[in-house]
Amino acid sequence: GDYRFLSNFNPCPVVLDGQVYPTVEHAYQAWKTTDPIWREKIRLCDTPGQAKRMGRMAPVREGGIPVEARVEAMDALLQQKFSGGELLRLLLETAPHELVEGNSHGDHVFGMCTAKVCSSPDHPGENHLGRLLMKIRDELQLFQRDKSLGRAIKLDDEDIDFERLTREPSKG
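Residues numbered from 1 in each chain as written. Predicted model: local features only at pLDDT ≥ 70, side-chain atom pairs only at ≥ 80, totals over all residues. Heavy atoms only, no water.

Caption draft 1: Representation of the side chain of Thr33 within the structure. Relative to the helices and strands, Thr33 is located in the loop between helix H1 (24-31) and helix H2 (36-43). We classify Thr33 as buried; its relative accessible area is 2%. Look past the residues within four positions of Thr33 in its chain and what remains in contact with it is Trp38, Arg39, Ala58, Pro59 and Arg61. (Helix = DSSP H or I, 4+ residues; strand = E, 2+ residues; numbered from the N terminus. Buried < 20%, exposed > 50% of the residue type's maximum accessible area, 1.4 Å probe, protein only. Contact = heavy atoms within 4.5 Å.)

If you want it as structure tokens, here you go:
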């Protein structure tokens, strides 16, 4: 539909550890393993669906992957995806709407499962994908607004550095 571009399956090259992946889904599935052979197999999958299935077969990082680490990795990949161009414009146009990654395959971490078999009134899902997309959108809106005011802002840490606004010399 109209919001297909938000999907991790949407074609958009991203870089992970120096390798270019055709979609965020390819890169995220490869990130979940440290085995270079499995990473390459995932990278070369013809479709994001194949990459997802291959990712499920790959050995997971030693010690498992906490949700916080998964969200951080996804955030880094989404930051790349929406760093400019048409995808950035389309993401900004979703404001002020809430973005929800509804699914029927039981993803309660990045989405909200809507199927009867997996929906739970107590825990429909965390919607981390939707929340990350809204966070990126909000940061980009802030950046654009400050940029239009002649300010520079760093979004990668807590230090916000505003340049002095230049004024025209007074006539008199």
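Caption draft 2: Quick look at unusual backbone geometry. Following Ala95, the chain continues into Pro96 via a peptide bond in cis, with omega recorded as 5 degrees. Of note in this structure, Asp17 is not a glycine but carries a positive phi near 50 degrees. Relative to the helices and strands, Asp17 resides in the loop between strand E1 (14-16) and strand E2 (19-21). Positive phi values are uncommon outside glycine, yet Asn127 reaches one of about 55 degrees. With respect to the secondary-structure elements, Asn127 resides in the loop between strand E4 (112-113) and helix H6 (128-148).

Caption draft 3: Looking closely at the packing of H2 against helix H3 (residues 48-57). Their axes nearest at 9 Å, the elements H2 and H3 cross at an angle of 160 degrees. Classified by the angle between their axes, H2 and H3 sit roughly antiparallel to one another. When the axes of H2 and H3 are compared, the crossing they make is right-handed. Facing Trp38, Lys41 and Ile42 of H2, the residues of H3 in contact are Ala51, Met54, Gly55 and Met57. (Axes fitted to C-alpha atoms, helices over the stretch in contact; angles between N-to-C directions. Parallel < 35°, antiparallel > 145°, perpendicular 65-115°, else oblique. Left-handed = near helix turned anticlockwise from the far one by under 90°.)

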